[in-house]
Amino acid sequence: MNFVHTEDRRMLADTLNRFVAEQYGIEHRNQIAYGDEGHSPALYAQFAELGAIGALFPEAVGGFGGSGFDISVVFEALGRGLVAEPLLGALVVGQALIAAGNDAQKQRLEDIMAGGTLAALAHDEPGSHYELANVAATATKNASGWTLNGAKSVVAFGEKADLLLVSARTSGNAFDTDGISLFLVDGQAAGIARRGYGRIDGGRAAELSFTDVQVGADALLGQEGQGHGVLEHIQGYALLALAAEALGAMDVAKQSTLEYLQTRKQFGVVIGTFQALQHRMADLLLEVEQMRSAVINAADAIDNAQGVARQKALSAAKYTAGYVGALVAEESIQLHGGIGMTWELPLSHYAKRLVLIDHQFGDEDHHLGRFMALAQES
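Residues numbered from 1 in each chain as written. Predicted model: local features only at pLDDT ≥ 70, side-chain atom pairs only at ≥ 80, totals over all residues. Heavy atoms only, no water.

As annotated in an unreviewed UniProt entry, the protein chain is Alkylation response protein AidB-like acyl-CoA dehydrogenase from Paracidovorax wautersii. UniProt, in its Sequence similarities (unreviewed entry) section for the protein chain, records the words "Belongs to the acyl-CoA dehydrogenase family." (UniProt positions renumbered as here; feature names shortened; annotations may be inferred.)

Encoded structure:
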């Protein structure tokens, strides 16, 4: 495995890091992330112009990259700046279109990559607890297409989404992998009730309720009843993206903590000279490097591994993001002392984001259990 990024990826990383540093300072970021929109449509359009969204998809569909390492470069830069823009939704919905969409449906990718369509995955349901097959929402055939009923929870930017990728059961019972279908639904379609709210780490999410929502026959993505495989496929991209974002946030938290230990004085000496604190910081540095290795492994696996091997690498990266993310958040705050939890200190926002990343697309416990189950299959 080649651990050195190509020149194009290094240029992309430099461009994004510079743009985020200049345009997404922490105070401006907090105004955006905790505001009514939860993100900045103008800045999202600028990310698209810079190629950040296009880099998530292969050239064959009009993108600029699409490999695991392209995705990790983009999301690591987003993590370093705590960027709250909806690129994760663009990634997973776009990958679903690539994996299962027909030619007409794939045309939606162009507007997603241009930043003109805000896309969101509406899959999790109340009580589903990260299980992909636990789908109770239903889709029933009618004369002109389908009728959707059910509820979806914590849909990132679901309140204002232009395009929803909705999972619904067309046959079978809850937890059956067969019988789940995927639908492309207008985010503002009649019959969708939306309750939006701000997330604790910034950005917005929504509870969605579908009551006799009518969609055409052309809304079905892929084959009827075969959506579980597509969900498993796109979940892999989400796990890689979140792990890379966590790595970027960890790097910033680590560096700010190291700088604090090198400048803060107590009893007339710099506290970084205290052996107990040196040991804690050394452990932290090692765990962050472990996280980096997990991201590299996942980025390689998403392109070059298949089946169980691919899933194991991705679950391992997400588990590591949860475990190390909590450690970095806790240790960084404690090593900063009383100011570690203050709103004014950027670290507190990085800590919140690291903790909340753990709960997206399966937490630490879920992916540890998933990894163990996959290991028994291999």
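A. Structural context of the packing of helix α8 (residues 227–263) against helix α9 (residues 275–304). Orientation of α8 relative to α9, taken along the N-to-C sense of each, is 155 degrees, at an axis distance of 10 Å. Considered as vectors, α8 and α9 are oriented roughly antiparallel to each other. Crossing angle aside, the handedness with which α8 passes α9 is left-handed. Of the residues in α9, those in contact with Gly-236, Tyr-237, Leu-240, Ala-243, Ala-244, Leu-247, Met-250, Asp-251, Lys-254, Thr-257, Leu-258 and Leu-261 of α8 are Leu-277, Met-281, Leu-285, Val-288, Glu-289, Met-291, Arg-292, Val-295, Ala-298, Ala-299 and Ile-302. (Axes fitted to C-alpha atoms, helices over the stretch in contact; angles between N-to-C directions. Helix = DSSP H or I, 4+ residues; strand = E, 2+ residues; numbered from the N terminus. Parallel < 35°, antiparallel > 145°, perpendicular 65-115°, else oblique. Left-handed = near helix turned anticlockwise from the far one by under 90°. Contact = heavy atoms within 4.5 Å.)

B. Summary view of a negative patch on the surface. A contiguous patch of negative charge on the surface is contributed by Glu-110, Asp-111, Asp-162 and Asp-186. When you line up the elements, Glu-110 lands in helix α7 (residues 108–113). (Patch = residues over 30% accessible without salt bridge, like charges linked within 9 Å, V, L, I, M, F, W, Y side chains within 5 Å. Areas by Shrake-Rupley, 256 points an atom, 1.4 Å probe, with all protein chains shown as cover. Salt bridge = Lys/Arg side-chain N within 4 Å of Asp/Glu carboxyl O. Lys, Arg positive; Asp, Glu negative; His and termini not counted. Charge placed at Lys NZ, Arg CZ, Asp CG, Glu CD.)

C. Region of the structure containing the packing of aromatic side chains. Evaluation of the coordinates by the stated rule reveals five aromatic pairs. Aromatic side chains Tyr-34 and Trp-343 sit 5.0 Å apart centroid to centroid with 45 degrees between the ring planes, which places their arrangement in the tilted category. Taken as a pair, Tyr-34 in the loop between α2 (26–33) and α3 (41–49) and Trp-343 in the loop between α10 (307–335) and α11 (346–357) lie far apart in primary sequence, 309 residues in all. Where Trp-146 meets Phe-183, the ring centres are 5.3 Å apart and the plane angle is 65 degrees; that geometry is what we call edge-to-face. (Phe/Tyr/Trp six-rings, centres within 6.5 Å; stacked < 30°, edge-to-face > 60°.)

D. Geometry of helix α12 (residues 364–377). Over its 14 residues, α12 extends 20 Å from the first C-alpha to the last, a length consistent with the 20 Å expected when each residue adds 1.5 Å. Against the buried residues of α12 lie α8 and α10. Where α12 begins, one side-chain oxygen reaches toward the backbone nitrogen of Asp-365, 3.3 Å away; that side chain belongs to Asp-363. (Expected span 1.5 Å × (residues − 1). Polar contact = N/O pair within 3.5 Å; in protein donor to acceptor, adjacent residues only side chain to side chain.)

E. Broad picture of the side chain of Ser-67. Here Ser-67 shows up in the loop between α3 and α4 (68–80). Judged by relative accessible area, Ser-67 falls into the buried class, the value being 15%. Sequence-distant contacts of Ser-67, that is, excluding residues within four places in its chain, are made with Arg-9 and Asp-303. (Buried < 20%, exposed > 50% of the residue type's maximum accessible area, 1.4 Å probe, protein only.)

F. Main features of the nonpolar core. Counting 93 residues, the largest nonpolar core has Phe-47, Val-74, Phe-75 and Leu-165 as its most contacted members. With 18 residues, the top contributor of residues to this core is α8. Ignoring anything within four residues of it in the chain, the contact list for Leu-165 reads Val-93, Ala-96, Ala-120, Leu-121, Ala-122, Leu-182, Phe-183, Leu-184, Leu-221 and Ile-234. Residues Leu-118, Ala-137, Ala-161 and Phe-210 belong to the second largest nonpolar core, which totals 24 residues. (Core = buried A, V, L, I, M, F, W, Y, C linked by side-chain atoms within 4.5 Å.)

G. Up close: the environment of Gly-172. On the secondary structure map, Gly-172 appears in the loop between β4 (163–169) and β5 (180–186). Considered as a pair, Gly-172 and Ala-241 are 69 residues apart in the sequence and their alpha carbons are 32 Å apart.

H. View of the UniProt feature "domain: Acyl-CoA dehydrogenase/oxidase C-terminal" (unreviewed entry) in the protein chain. With numbering matched to this structure, UniProt assigns "domain: Acyl-CoA dehydrogenase/oxidase C-terminal" (unreviewed entry) to residues 240–353. As annotated, residues 240–353 comprises 80% helix and 4% strand, and the C-alpha atoms at either end are separated by 16 Å.

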